[in-house]
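# An overview of the molecular structure
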Amino acid sequence: MTTPLLSLSRRLRRTPFSDGVEAAGVKAYTVYNHMLLPTVFRSIEEDYRHLKDAVQIWDVACERQVELRGPDAGRLMQMLTPRDLRGMTPGLCYYVPIVDETGGMLNDPVAVKLAEDRWWISIADSDLLYWVRATAHGWRLDVLVDEPDVSPLAIQGPRADDLMAAVFGDSVRDIRFFRFGVFDFQGRDMVIARSGYSKQGGFEIYVEGSDLGMPLWHALMEAGKDMDVHAGCPNLIERIEGGLLSYGNDMTDDNTPHECGLGRFCNTHTAIGCIGRDALLRVAKEGPVQQVCAIAIEGDAVPPCREWWPVLSEKGKRVGRISSAAWSPDFDTNVAIGMVRMTHWDAGTELRISAPDGERRGVVQDGFWA
Ligand code: THG
């Protein structure tokens, strides 16, 4: 059987870093926010080892920004999320669930507060721009909503600080987790945050202006020559170990933030103005009846999880689903993310997993691996 290819066209957008990604030998892409997102360079397992040992440069331009600009920007931002934003000062980043009027998850972005009247919402894979625009329009808010030419480039791995210091100076080391500073590159300002879609530590550079993409890529590659720097990408194994959720895979608009284990990012009582607040107050009172769980799946390496795999009780009743799974070399088991009903979510519960290559045993863990 031959492997089908994805046909390329203008609807499947390249990024300002695509030339660098291709020169580095990208082997596979996915599509995210209608844009290319690399998924494999050498192999998922080699990329995983290298991410944990060295430093990688990630083209995550597909984490598009929804920019809010104007006097009502802060009010609009609070309408979108049940996380209380009153204590958020400019210079901070917050991981924020975004919910609809039923409390369903529309996205799980990082909000970047640039100024009282200017925000970026660094989105996961859903067309959030339309929801935000419609909200601004429907409420007659004094705010501009658009997608600027801003492309995040992530530097991730244990040597990220050294690599960044070599290009931006030692003061980047002082950026604290989920905060940002503004740094010069070739005479232009760049927002640099300590954040990123891995548990290995690192930074995200919000590159404003596509023309700066390849110059920055080359500068980082050059500076990292003796640090074993390599192009990389969000790694399936590492993100499952760390419990980093993937919107559209691990949750959809059918799930509340509480079901997703994101209750700690909700302040439903004090997030006045949040569109889904009433719905969430109702469901939060009872508590969720299913929740995202870490699940170890026995046996040898699982195939890719392209559809939800049914999760069954010992008696064969459907009690959940697996949404992401991969073989973990470090934990010597298959690691997985699932959504499991309350009756079966306690750590140690044994489950039957209907994987496409046959049934396997699964065990609910007491937390993610990393
Ligand atoms: N960075 C930026 N934009 C993004 C992502 C990112 N947009 C898409 C996607 N990733 C959004 N989803 C996530 C999921 C998890 C985290 C960030 C964005 C994350 N979580 C940490 C955790 O769970 O350990 C920390 C959260 C916290 O403590 O505030 O980092 O990665 N720009």
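Per an unreviewed UniProt entry, the protein goes by the name Dimethylsulfonioproprionate demethylase DmdA and belongs to Roseovarius tolerans.

Our next topic: the overall build of the protein. Within the protein, the secondary structure is distributed over eight helices and 21 strands. A total of 370 residues make up the protein; the buried ones form 56% of that total. Across the protein, every contact between residues at least 6 apart in sequence was considered, and the portion connecting residues at least 24 apart equals 66%. Here the protein displays about 16,700 Å² of accessible surface, and carbon together with sulfur accounts for 50% of that area. Mean positive and mean negative side-chain charge positions of the protein (39 and 53 charges, respectively) differ by 4 Å.

Remark on secondary structure: sheet strands pair via backbone hydrogen bonds, oriented parallel or antiparallel. Judged by pairing direction, the sheet is antiparallel, and its five strands sit side by side in the order S5-S8-S9-S4-S10 without closing on themselves. Edge positions in the open sheet fall to strand S5 (93-95) and strand S10 (144-146), since each of these has one partner strand only. Going from strand to strand, the sheet's axes swing by 15 degrees on average, the running direction of each strand aside. Of the pairings in the sheet, the one linking S5 to strand S8 (residues 110-115) comprises three bridges and is antiparallel in character.

Considered for burial, the residues of helix H4 (residues 128-138) that qualify are Leu128, Leu129, Val132, Thr135 and Ala136. Down the axis of H4, the buried side of the element spans an arc of 135 degrees, and every buried residue falls inside it. For H4, exposure combined with an orientation more than 90 degrees from the buried face picks out Tyr130, His137 and Gly138. Buried residues along H4 sit in contact with strand S4 (65-69), helix H3 (73-80), strand S6 (98-99), strand S7 (105-107), strand S9 (118-122) and S10. Trailing H4 by a residue or two, Arg140 shows a phi angle of about 55 degrees, which is positive.

Bringing the packing of helix H5 (residues 160-168) against helix H6 (residues 213-223) into the picture now. Think of two packed helices as two axes; the pair is described by the angle between the axes and how far apart they sit. One can describe the packing of H5 onto H6 by two numbers: an axis separation of 9 Å at closest approach and a directional angle of 120 degrees. With respect to H6, the element H5 is oriented oblique. Pair H5 / H6 crosses with right-handed handedness. On the side of H5, the interface is formed by Leu163, Met164, Ala166, Val167 and Phe168, while H6 contributes Leu216, Ala219, Leu220 and Ala223. Among the residues making up the contact of H5 with H6, the classes are represented as nine nonpolar, no polar and no charged.

Of all the eight residues making up strand S16 (residues 290-297), seven are buried; the element is thus mostly covered by neighbouring parts of the structure. Bridging between S16 and strand S19 (residues 333-341) involves eight bridges; their strand directions are antiparallel. Its bridge partner being in S19, Ala294 is matched across the sheet by Ile337.

If you trace the backbone, Ser313 turns up in the loop between strand S17 (309-312) and strand S18 (318-328). With residues near it in sequence (within four places) discarded, Ser313 still touches Val319, His344 and Arg352.

Let us look at the UniProt feature "domain: Aminomethyltransferase C-terminal" (unreviewed entry) in the protein. What UniProt calls "domain: Aminomethyltransferase C-terminal" (unreviewed entry) maps, in this numbering, to residues 292-359. Summarising residues 292-359: 0% helix, 56% strand, and an end-to-end C-alpha distance of 21 Å.

Right, let's get into the site of the ligand. Close contacts around the ligand come from 18 residues, with Asp108, Ser122, Lys199, Glu204 and Tyr206 the closest. Within the side chain of Lys199, a nitrogen or oxygen atom sits 2.4 Å from an oxygen atom of the ligand. Within the side chain of Glu204, a nitrogen or oxygen atom sits 2.8 Å from a nitrogen atom of the ligand. Protein chains shield 88% of the accessible area of the ligand, which is 640 Å² for the free molecule. Here the shell around the ligand is composed, by residue class, of eleven nonpolar, two polar and five charged.

What follows covers the UniProt feature "domain: GCVT N-terminal" (unreviewed entry) in the protein. According to UniProt, the feature "domain: GCVT N-terminal" (unreviewed entry) maps to residues 21-268 in the numbering used here. As annotated, residues 21-268 comprises 23% helix and 29% strand, and the C-alpha atoms at either end are separated by 41 Å.

The strand order S16-S19-S18-S17-S20-S21 describes a closed barrel built from six strands, whose pairing is antiparallel. Averaged over neighbouring strand pairs, the angle between their axes works out to 40 degrees when direction is ignored. Strand direction decides the pairing type here: S17 and strand S20 (residues 350-355), joined by two bridges, are antiparallel. Bridge pairing in S20 places Val311 opposite Ile353.

Criteria and thresholds
What you see as residue numbers is a count from 1 along each chain, following the sequence as written. The predicted origin of the model limits local features to residues at a pLDDT of at least 70 and limits the giving and counting of side-chain atom pairs to 80 or more, whereas totals for whole chains, interfaces and linings rest on all residues. Where side-chain values are given, they derive from all heavy atoms of the structure, hydrogens and water being excluded. Only DSSP runs of H or I reaching four residues or more are called helices, and only runs of E reaching two or more are called strands; each is numbered from the N terminus. For every residue, the accessible area (1.4 Å probe, protein chains only) is compared with the maximum for its type, and the residue is labelled buried under 20%, exposed over 50%, or partly exposed between those bounds. The contact definition used throughout considers only heavy atoms, calling two residues in contact when any of these lie within 4.5 Å. Under the convention used here, a 1.4 Å probe and the Shrake-Rupley method define accessible areas, while residue burial counts only the protein chains that appear. A residue counts as positive if it is Lys or Arg and as negative if it is Asp or Glu; His and the chain ends are not included. By convention, charge coordinates are those of NZ in Lys, CZ in Arg, CG in Asp, or CD in Glu. In this scheme, strands are said to pair when DSSP sees at least two bridges between them. Lines are fitted to the C-alpha atoms to define the axes, a helix being fitted only along its stretch in contact, and any angle between axes, read from their N-to-C directions, falls within 0 to 180 degrees. By arc we mean the arc of the directions from the helix axis to the C-beta atoms, nothing more. When describing relative orientation, an angle under 35 degrees is termed roughly parallel and one over 145 degrees roughly antiparallel, while 65 to 115 degrees is termed roughly perpendicular and anything else oblique. Crossings are classed by handedness, with left-handed meaning an anticlockwise turn of the near helix from the far one by less than a right angle and right-handed meaning a clockwise turn. Gly is placed with the polar residues, together with every amino acid not listed as nonpolar (Ala, Val, Leu, Ile, Met, Phe, Trp, Tyr, Cys and Pro) or charged (Asp, Glu, Lys and Arg). UniProt positions are given in the numbering used here, feature names are shortened, and annotations may be inferred rather than shown by experiment. Proximity is defined per residue: any heavy atom of the residue falling within 4 Å of a molecule or strand makes that residue near it. Polar contact is the term for a pair of N or O atoms within 3.5 Å; when the atoms are in protein, one must be able to donate a hydrogen and the other to accept it, and sequence-neighboring residues count only if both atoms are side-chain atoms.

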